[in-house]
Amino acid sequence: MAMRLPFPSTHRRIPTLPSFASFTPRRRNVAMASAKRSPKRLKYSTPRFTKEGEFVSIEVDPSGADSWKLEPVIELLKQGAVGVIPTDTVYAIVCDCKNHSAVERLRRLVLSVLKQCPLSILCRSLRDIDTYTMGFPRGDGHGHANVFRAVKQCLPGPYTFILTASKELPKQCVGYGTTSVKYASRKNVGVRISDDAVCQAILQSMDAPLICTSVKGPKENEWMIDPTIIGDIYGPEGLDFLVDGGVRVAEPSTIVDMTGPYPKVIREGKGPILPWMVVEEEDESSLRQDLIASGT
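Residues numbered from 1 in each chain as written. Predicted model: local features only at pLDDT ≥ 70, side-chain atom pairs only at ≥ 80, totals over all residues. Heavy atoms only, no water.

A. Highlighting the nonpolar core. Of all hydrophobic cores here, the largest spans 47 residues; its most connected members are Ile93, Phe136, Phe161 and Tyr234. Looking at this core, the elements with two or more residues in it are strand E3 (92–96), helix H3 (100–111), helix H4 (126–132), helix H5 (148–152), strand E5 (159–164), strand E6 (188–192) and helix H8 (227–234). Here the element with the most residues in this core is H3; it accounts for five residues. If sequence neighbours within four positions are ignored, Phe161 has contacts with Phe136, Val151, Cys154, Leu155, Val189, Gly190, Val191, Val256, Met258 and Trp276. Within the second largest apolar cluster, 21 residues are counted, among which are Ile85, Ala92, Val198 and Leu203. (Core = buried A, V, L, I, M, F, W, Y, C linked by side-chain atoms within 4.5 Å. Buried < 20%, exposed > 50% of the residue type's maximum accessible area, 1.4 Å probe, protein only. Helix = DSSP H or I, 4+ residues; strand = E, 2+ residues; numbered from the N terminus. Contact = heavy atoms within 4.5 Å.)

B. A look at the sheet that holds strand E11 (residues 278–279). The 11 strands lie next to each other as E1-E8-E2-E3-E7-E4-E6-E5-E9-E10-E11, forming an open sheet whose pairing is mixed. At either end of the open sheet lies a strand with only one pairing partner, and these are strand E1 (56–59) and E11. Bridging between E1 and strand E8 (residues 241–244) involves four bridges; their strand directions are parallel. Bridge assignment links Ile58 to a residue of E8, and that residue is Val243. Strands in contact with H8 are strand E2 (83–85), E3 and E8; relative to E8, the strand with the most contacts, it is inclined by about 170°. (Pairing = 2+ DSSP bridges. Axes fitted to C-alpha atoms, helices over the stretch in contact; angles between N-to-C directions.)

C. Examining H8 more closely. Turning to H8, its buried residues are Pro227, Ile230, Gly231 and Tyr234. Down the axis of H8, the smallest arc covering the buried residues is 95°, so these residues share one side. In this fold, the buried residues of H8 make contact with E2, E3, H3 and E8. The backbone nitrogen of Thr228 lies 3.0 Å from a side-chain oxygen of the residue at the head of H8, namely Asp226. (Arc of directions from axis to C-beta. Polar contact = N/O pair within 3.5 Å; in protein donor to acceptor, adjacent residues only side chain to side chain.)

D. Broad picture of unusual backbone geometry. Omega for the bond connecting Leu155 with Pro156 falls within 30 degrees of zero, at -5°, which places this linkage in the cis form. Note on placement: Pro156 falls in the loop between H5 and E5.

E. Local environment of the side chain of Arg192. With respect to the helices and strands, Arg192 occurs in strand E6. At 2.9 Å, the side chain of Arg192 and the backbone oxygen of Gly157 are in polar contact. Residues contacting Arg192, with those up to four places away along its chain left out, are Thr87, Asp88, Thr89, Ile121, Leu122, Cys123, Gly157, Pro158, Tyr159, Thr160, Ser253 and Thr296.

F. Just the pattern of salt bridges, in detail. Applying the stated criterion across every chain yields a total of six salt bridges. When the shortest N-O distance is used, the salt bridge between Arg108 and Glu104 registers 3.9 Å. Remark: Glu104 and Arg108 occur in helix H3; sequence separation between them is four residues, near one turn of the helix. On the accessibility criterion, Glu104 (23% relative accessible area) is partly exposed. Here Arg105 and Asp240 are joined by a salt bridge, their closest N and O atoms 3.0 Å apart. A residue pair is termed long-range when its members are at least 10 positions apart, and Arg105 in helix H3 and Asp240 in the loop between H8 and E8 qualify at 135 residues. (Salt bridge = Lys/Arg side-chain N within 4 Å of Asp/Glu carboxyl O.)

G. Here's a closer look at the packing of aromatic side chains. Scanning the entire structure with this criterion turns up three aromatic pairs. Ring centres of Phe136 and Phe148 lie 6.4 Å apart, and the angle between their planes is 45°; on these two criteria the pair is classed as tilted. You can see Phe136 sitting in the loop between H4 and H5 and its partner Phe148 sitting in helix H5, a full 12 residues away along the chain. Phe148 shares its class with Phe136; the two are buried. Ring plane angle 85° and centroid distance 5.4 Å describe the contact between Phe136 and Phe161, whose orientation is recorded as edge-to-face. One end of the pair, Phe136, is in the loop between H4 and H5; the other, Phe161, is in strand E5, with 25 residues separating them in the sequence. Take Phe161: its relative accessible area is 0%, and that puts it in the buried class. Linked through ring pairs, Phe136, Phe148, Tyr159 and Phe161 together constitute an aromatic cluster. (Phe/Tyr/Trp six-rings, centres within 6.5 Å; stacked < 30°, edge-to-face > 60°.)

Function cannot be inferred from these measures alone, as they are strictly geometric.
As C-alpha cells, this is what we get:
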C-alpha cells in the first residue's frame, strides 16, 4: 500500500497554473527584491523565545564550584530567554545582547515593575568592550587623559564605566528606557566585567555579552538582594529563570563616566574611588539619575 509522505518531494514538479500566469513577473520581482534585502534582514533576525515550561530556579554555590548546573540557563539565554543572575554587586536581569526580541522582552518586563529600564553590558573581557564601545580614553592631545592602563587594574571588578557605544551594539541596547532624551541621543552605555564566578561561568559560555539592568524593587533606590523575593515579584511578570547565588549585600557598583575630558565618579558604590577618578560635585539632575540607574 502506498504511503503518503508528510512533505512533498523536492523533485516533484509543480504544475503550471495558466490562470495565474499574469502574476508571475510580479512575484519574480518581489522575490528578487526580497533576495536583495535578505542580508540586512538576516543581520537582525534572531530567534524568538517560546516558553514551554514553568519558571526555572537554579540554586548554585556562589564560588562557582557547581557551575555545571548552569547549562540549562545558558541554553535558555541562547534561545532568547530573560532571567536573573548574580554579579559581584547586586542581582541583574539579563538577556543575550544580540537577540532583539529578548531585549524587548527584558525592557517590557522591567517596565512592568519600574518606571524606567536603562541598560548596561555585561562583558566577557576587555575585547568585548573594544568591540561594542569606542573604548577607553588613551590620550588624544585634546584634554582626554590616558587612563586605559589604570582601568585594566579595576577589571574585573565592581565598576560600571560609561562609554560611547559603537555601531556593533544594537540600537535597542543604547539609552533604552531612560527618561532623559539628551542622554539617549548621546549613545552612551554602561559596561561591566563582573568579578563573580557564577556570572563569569555564564558569560564565558555565551557567544556575545549580556545586556543587563540591576534588579530593583518598586520603591525608589530599593535594591533587591533576596532571590526568593526577586522570583516572587518578577516571576509573574514573565521572567524565565533565576540563578540563586544566595542573599547579596545591597552594594551596587561604582559608576564612572568616561565620556568627558576626565573620569567622573557619578555614584560611589562597592568599588573604591581611585586617585585618577574625579568625584562629581555638581548635580546634573536627570542625566545623573539615568546613569546611576544603569549600573548594577
